[in-house]
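# Per-entry structural report
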Amino acid sequence: MNIIADTHTHTVASTHAYSTLQEMVHAASLKNLYAIAITDHGITMPGAPGHWYFHNLKVVPHLQEGVLVLRGQETDVVDFEGHTDIEADSLGTLDWVVASIHAEAIPKERPTVEEVTNAWMNIAKNPHINVIGHSGTQEYRYDYESVIPEFGRQGKLVELNESSFTGRPDYIPNCKTIMELCKKRSVPIIVNTDSHFSTGVGCFGHSLALLKELDFPEELVVNSSVDRFKAYLRKYSIVFQDPLLKDEE
């Protein structure tokens, strides 16, 4: 399986990542990726970029070094009603949004499965969100059987996060369970690196090994072909209205 887009990455704007936006795009070009999404953390995360960073992403060209660049955010889920820290006046600038739960941004320890399930059910209804980020943590476990089919119904892509294999190994059993359920329920997924340095862009080895182990259907991996990925972008009216991209239509 070939992955053609990396749609969860961070730059120095997140302050705990170490490459610039242009360095990340250059890395994507060297890996012959079709697309990259730059998804720095929403404003609630400690060290995150400020308000004007997201509002002003409109200055970033959608085409750089032959790579489609999606202007994005990894938005933080900030409560168990499913609210996030996306700011309303940035919505028109953002092409791509990954929603994730981070302990640093949600003010409760040891939530119940029911509380986390409620959060994700409401996130599923949010039309501005594209990807459900690294949701395999045990601390924020949810009712997979109820929520994952809802992600599919609402057009949310369930992420298989490469960084979980190296930075969050306790996630892996739950990640495997989630992928098995996505396969069973025909819920589309997306494979991302969550890179915080340019050398990680486009490196999907652990994720691809798991998908191979599970005999996961390639047609459910949205970023496994350019045509499949472009079809998702078109379906949700993402990016292609930019005149610079008219040849992509």
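Report follows, based on the coordinates. As a convention, each chain's residues are numbered from 1 in the sequence order in which they are written. Only residues with pLDDT of 70 or above have their local features reported here, since the model is predicted, and side-chain atom pairs are shown and tallied only from 80 upward, although totals for entire chains, interfaces and linings are computed over all residues. For side-chain calculations, the full set of non-hydrogen atoms in the structure is used, while hydrogens and water are omitted.

Here we come to the overall build of the chain. Comment: elements are numbered from the N terminus, with helices defined as DSSP H or I runs of at least four residues and strands as E runs of at least two. When its secondary structure is counted, the chain shows eight helices and eight strands. Here the C-alpha atoms of the chain give a radius of gyration of 17 Å, agreeing with the 18 Å that 2.2 N^0.38 yields for 249 residues. Taken along the three principal axes of its C-alpha coordinates, the chain extends 45 × 40 × 30 Å. Only protein chains enter the area calculation, which uses a 1.4 Å probe; residues under 20% of their type maximum are buried, those over 50% are exposed, and those in between are partly exposed. A burial count over the chain gives 56% of its 249 residues as buried. We call two residues in contact whenever any of their non-hydrogen atoms come within 4.5 Å of each other. Contacts in the chain between residues far apart in sequence, at least 24 positions, make up 77% of those at least 6 positions apart. Here the open area of atoms and residues is found with the Shrake-Rupley method and a 1.4 Å probe, where only the protein chains shown may cover a residue. When the accessible surface of the chain is totalled, it reaches about 10,600 Å², and 53% of it is carbon and sulfur. Asp and Glu count as negative and Lys and Arg as positive, but His and the ends of the chain are not part of the count. The atoms used to mark charge sites are NZ of Lys, CZ of Arg, CG of Asp and CD of Glu. Here the chain contributes 20 positively and 34 negatively charged side chains, and the mean placements of these two sets differ by 6 Å. Between the two quantities, the radius of gyration covers C-alpha atoms and the globule rule is 2.2 Å times the number of residues to the power 0.38.

Classification of ring pairs rests on two measures: the distance between centres of Phe, Tyr or Trp rings, Trp counted by its six-membered ring, which must be within 6.5 Å, and the angle between planes, read as stacked under 30 degrees, edge-to-face over 60 and tilted in between. Applying the stated criterion to the full structure yields nine aromatic pairs. With 6.3 Å between their ring centres and 80° between their planes, Tyr34 and Phe229 make a pair best called edge-to-face. In this pair, Tyr34 is assigned in the loop between helix 1 (21–30) and strand 2 (35–41) and Phe229 in helix 8 (residues 226–235), connecting sequence segments 195 residues apart. Accessibility assignment for this pair places Tyr34 and Phe229 in one class, buried. Considering the side-chain rings of Tyr142 and Phe151, the 6.4 Å spacing of their centres and the 65° angle between planes classify their relative orientation as edge-to-face. The exposure class of Tyr142 is buried, given its relative accessible area of 2%. By relative accessible area, which is 0% here, Phe151 ends up buried.

Residues Ser207, Leu210 and Leu211 constitute the buried set of helix 7 (residues 205–213). Buried residues along helix 7 cover an arc of 100° about the axis, so they all sit on one side. Among the exposed residues of helix 7, those pointing more than 90 degrees away from its buried face are Lys212 and Glu213. Check the buried side of helix 7 and you find it contacts strand 7 (157–161), helix 5 (162–167), helix 6 (172–185) and strand 8 (189–192). Within two residues after helix 7, Asp215 carries a phi angle of roughly 50°, on the positive side. In this description, one arc is meant: the one made by directions from the helix axis to the C-beta atoms.

This part takes up the nonpolar core. Among buried residues, the Ala, Val, Leu, Ile, Met, Phe, Trp, Tyr and Cys ones that are joined through side-chain atoms within 4.5 Å form a nonpolar core. Formed by 53 residues in total, the largest nonpolar core has its most connected members in Trp120 and Met179. Ignoring any residue separated from it by four or fewer positions in sequence, one finds Met179 in contact with Val158, Glu159, Leu160, Ile189, Leu210, Leu211, Leu214 and Phe216. Of all hydrophobic cores here, the second largest spans 20 residues; its members include Ala35, Ala37, Val98 and Phe229.

The backbone phi angle of Asp215 is positive, close to 50°, even though this residue is not glycine. Topologically, Asp215 is positioned in the loop between helix 7 and helix 8. In this structure, Ser237 is a non-glycine residue whose phi angle is positive, near 55°. On the secondary structure map, Ser237 appears in the segment after helix 8. The exposure class of Ser237 is exposed, given its relative accessible area of 58%.

Method remark: on a 1 Å grid restricted to protein atoms, a set of points is classed as a cavity if a 1.4 Å probe fits but cannot get out and as a pocket if it is open with protein on both sides within 12 Å along at least five of seven lines; lining residues have an atom within 4 Å of a point. Grid points are joined across faces, edges and corners, and a volume is the space filled by probe spheres set on the points. One number sums up the size of the largest pocket: a volume of about 330 Å³. If you trace the largest pocket, you find 22 residues lining it, with Leu94, Asp95, His128, Tyr236 and Ile238 closest to the centre. Partitioned by chemical class, the residues of the lining of the largest pocket number 10 nonpolar, eight polar and four charged. By volume, the second largest pocket amounts to about 190 Å³. Around the second largest pocket sit 13 residues that line it, and Pro188, Val222, Tyr232, Lys235 and Tyr236 are the ones nearest its centre. Only Asp, Glu, Lys and Arg are considered charged, only Ala, Val, Leu, Ile, Met, Phe, Trp, Tyr, Cys and Pro nonpolar, and every remaining residue, Gly among them, polar.

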